[in-house]
Amino acid sequence: MKLSKQKILILAISAVVVIAGSVAAVVLIRNFSKEKEDTTTSATVPTYQYVEETYYVDVPELVTNENHETVTDPSGNALTTLKKVVKTTKKVVNNNKQTTKKPVAATTNSAATTKPLTPLAKWLSENQVAGYRYEPNGDFFYTDDKDCWQKNAGYNEFYDNYAPAAAMFIDQIRIRFTYENKDWMLQLWKGQYGWLFVGAETGVYTAPAGTYKGGKGDANHYDCADKEDWLYMQLDCYWSKNNDGHYKKIFTRPYDKYWWATGFVWGQLTKYSKPRTELKAKNRITFKSEEMANLFVQGLKEAGFVRAVGSDQLVDDSYYQNGKDVWLLWSSIQHDSFVGYTGTTTSTKKTTTTTTTKAPITTEKPTTTTTKAPTTTEKPTTTTTTQAPTTTTTVPATDNTNEQ
């Protein structure tokens, strides 16, 4: 149906009026709510305010040994030490002149933590959309791994290879090994998910033992881990929003059993190229046994991770193992690790070949020197004895490098 210019003009004006009316209604509702809240809070402002003052006092304390016995000096006098004790006093401040400023700020902060959810946010927190839910306490989205359609799709490398076509620019690490007659793969992701979200994931996948062939470019399809193979994990994600080196935690998936721990927040990275170091992912994974954890750690080493001195002292691209528990902080590494497989990717072969090739060359050089030594030195026996330990020492040093 063809509309005249007059009708089009009338429709355009009507649309502007409707939009303006809607905006005005929203503003009025917000202002009304704010005025009502301010009235409520100002009525509860006390006339007087208690302020706590903190100070320290040195208190003498007896020195005791591990058996809780008092330690004495050679003369039999008990040894004492000074211990700092925190003390606080309450001071009453007249607050008549300051009407509502400070108390209202405190009340507003407290109200913000219990702020009621909008109908949409409430609905999203109680229901899933395409397998995803909303966590209002942390203001992030996550996959409901216990009940999501993605579990039926499993995983193969085509998903990651074609992710950019869906505006998903993601870093990956894959650690593969065989344990208890199953081929396992643990995969980590972080990056830009579409044009709206940034986030991170950790997934656990399995296949019957011997399924993986290790061919470069193969699909290498795995199933999502069944319930008996879920692992206890925790996933924290940090974001340097301005890419200035200052990172803020954007979500935590609590320590629990997962096959797929995920989290996503609204936002965009400043750059989409690898590595996406604006994001860091911190994991704690508890494996079924220490043997299984050892296999995973071997994969981390092959990928380029280094050992940290403690779980609370992780640096970029480092890990820490304690029995069957493994902690890691991932920033920039991009790698596939195939622990114990004969068929490996090119990147893994390079790491192995370079180290193995250099070892015989280093060992052969001292042998040549040993042969020449008797010719130039008057005491060939001494020279030979010196060279033998040199050769012996060189070989373990190369092995240590391999382990790292």
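First, a word on what this report is: a plain description of the structure on this page. Not measured: the values here are computed from a predicted model. (Residues numbered from 1 in each chain as written. Predicted model: local features only at pLDDT ≥ 70, side-chain atom pairs only at ≥ 80, totals over all residues. Heavy atoms only, no water.)

### A look at the overall build of the chain
Inference 1: Within the chain, the secondary structure is distributed over seven helices and 16 strands.
Inference 2: For the chain, the residues scored as buried account for 33% of the 404 residues in total.
Inference 3: Counting only contacts in the chain whose residues sit at least 6 apart along the sequence, the fraction spanning at least 24 positions is 62%.
Inference 4: Split by element, the accessible area of the chain, about 25,200 Å² in all, is 57% carbon and sulfur. (Helix = DSSP H or I, 4+ residues; strand = E, 2+ residues; numbered from the N terminus. Buried < 20%, exposed > 50% of the residue type's maximum accessible area, 1.4 Å probe, protein only. Contact = heavy atoms within 4.5 Å. Areas by Shrake-Rupley, 256 points an atom, 1.4 Å probe, with all protein chains shown as cover.)

### Section: the sheet that holds strand β12 (residues 279-286)
Inference 1: Taken together, the six strands give an open sheet; going across it, the order is β10-β9-β12-β15-β14-β13, and neighbouring strands pair in mixed fashion. Of all strands in the sheet, those with a lone pairing partner are β10 (248-258) and β13 (306-307), marking the two edges.
Inference 2: Relative to strand β14 (residues 318-322), β13 runs parallel, the two sharing two bridges. Along β14, the bridge assignment pairs R307 with Y319.
Inference 3: Packing against the sheet, helix α5 (residues 290-303) makes contact with β12, β14 and β15 (325-330), and its axis sits at approximately 165° to β14. (Pairing = 2+ DSSP bridges. Axes fitted to C-alpha atoms, helices over the stretch in contact; angles between N-to-C directions.)

### A few points about unusual backbone geometry
Inference 1: Here the bond from K274 into P275 is cis, since omega is -10°, no more than 30 degrees from zero.
Inference 2: On the secondary structure map, P275 appears in the loop between β11 (260-266) and β12.
Inference 3: Positive phi, normally seen in glycine, also occurs at E180, with a value near 50°.
Inference 4: Inspection of the secondary structure puts E180 in the loop between β5 (168-179) and β6 (182-193).

### Describing the pattern of salt bridges
Inference 1: Overall, the coordinates contain 14 salt bridges when judged by the stated rule.
Inference 2: R176 is paired through a salt bridge with D336; the nearest N and O atoms lie 3.7 Å apart. Of the two residues, R176 is situated in strand β5 and D336 in strand β16 (residues 335-338); the sequence distance between them amounts to 160 residues.
Inference 3: Using a relative accessible area of 0% as the deciding quantity, one classes R176 as buried. (Salt bridge = Lys/Arg side-chain N within 4 Å of Asp/Glu carboxyl O.)

### Considering the nonpolar core
Inference 1: Among the nonpolar cores identified, the biggest contains 57 residues, and F177, Y205, F287, F296 and F305 are the most heavily contacted of them.
Inference 2: The residues touching F305, leaving out its near neighbours within four places in the chain, are I173, L300, D317, S318, Y319, L328, L329, W330 and I333.
Inference 3: By size, the runner-up hydrophobic cluster in this structure holds five residues, among which are L314, Y320, W327 and L329. (Core = buried A, V, L, I, M, F, W, Y, C linked by side-chain atoms within 4.5 Å.)

### With respect to the packing of aromatic side chains
Inference 1: According to the stated counting rule, one finds 21 aromatic pairs in the structure shown.
Inference 2: Judged by centre distance (4.9 Å) and plane angle (15°), the rings of F169 and Y272 are stacked. With F169 in strand β5 and Y272 in the loop between β11 and β12, this residue pair connects regions lying 103 residues apart in the sequence.
Inference 3: Ring centres of F287 and F296 lie 5.0 Å apart, and the angle between their planes is 40°; this geometry places the pair in the tilted category. F296 matches F287 in its accessibility class, with the two residues each being buried.
Inference 4: Grouped by ring-pair contacts, the aromatic residues Y155, Y159, W189, Y205, W259 and W260 constitute a single cluster.
Inference 5: One Lys or Arg, R284, reaches over the ring of Y255 and ends 4.2 Å from the middle of that ring. (Phe/Tyr/Trp six-rings, centres within 6.5 Å; stacked < 30°, edge-to-face > 60°. Lys NZ or Arg CZ within 6 Å of the ring centre and 35° of its normal.)

### Brief notes about α5
Inference 1: With 14 residues, α5 extends 20 Å from end C-alpha to end C-alpha; this agrees with the ideal 20 Å at 1.5 Å per step.
Inference 2: Residues of α5 that are buried include every one of M292, A293, F296, V297, G299, L300 and A303, and no others. The buried residues of α5 all sit within an arc of 155° when viewed along its axis, so they share a single face.
Inference 3: Check the buried side of α5 and you find it contacts β5, β6, β12, β14, β15 and β16. (Expected span 1.5 Å × (residues − 1). Arc of directions from axis to C-beta.)

### Structural notes on the state of the cysteines
Inference 1: Counted according to the given criterion, the structure contains zero disulfides.
Inference 2: The thiol of C224 is not disulfide-bonded; the next cysteine sulfur, from C148, is found 7.3 Å away.
Inference 3: The class for C224 is buried, based on a relative accessible area of 4%. (Disulfide = S-S within 2.5 Å.)

### Details of the pairing of β16
Inference 1: The alternating pattern of β16 places H335 and S337 on one face and D336 and F338 on the opposite face, and all of these are buried.
Inference 2: Here β5 runs beside β16; their pairing, made up of four bridges, is parallel. For I175, the partnering residue across the bridge sits in β16 and is S337.

### Here we look at the pairing of β14
Inference 1: A large share of β14 lies buried, amounting to four of its five residues.
Inference 2: Of the strand pairs in this sheet, β14 and β15 are connected by five bridges, and their pairing is antiparallel. Pairing of S318 across the sheet is with L329, part of β15.
Inference 3: Counting the residues that bridge the hairpin from β14 to β15 gives two residues, and of these G323 lies at a positive phi of roughly 65°.

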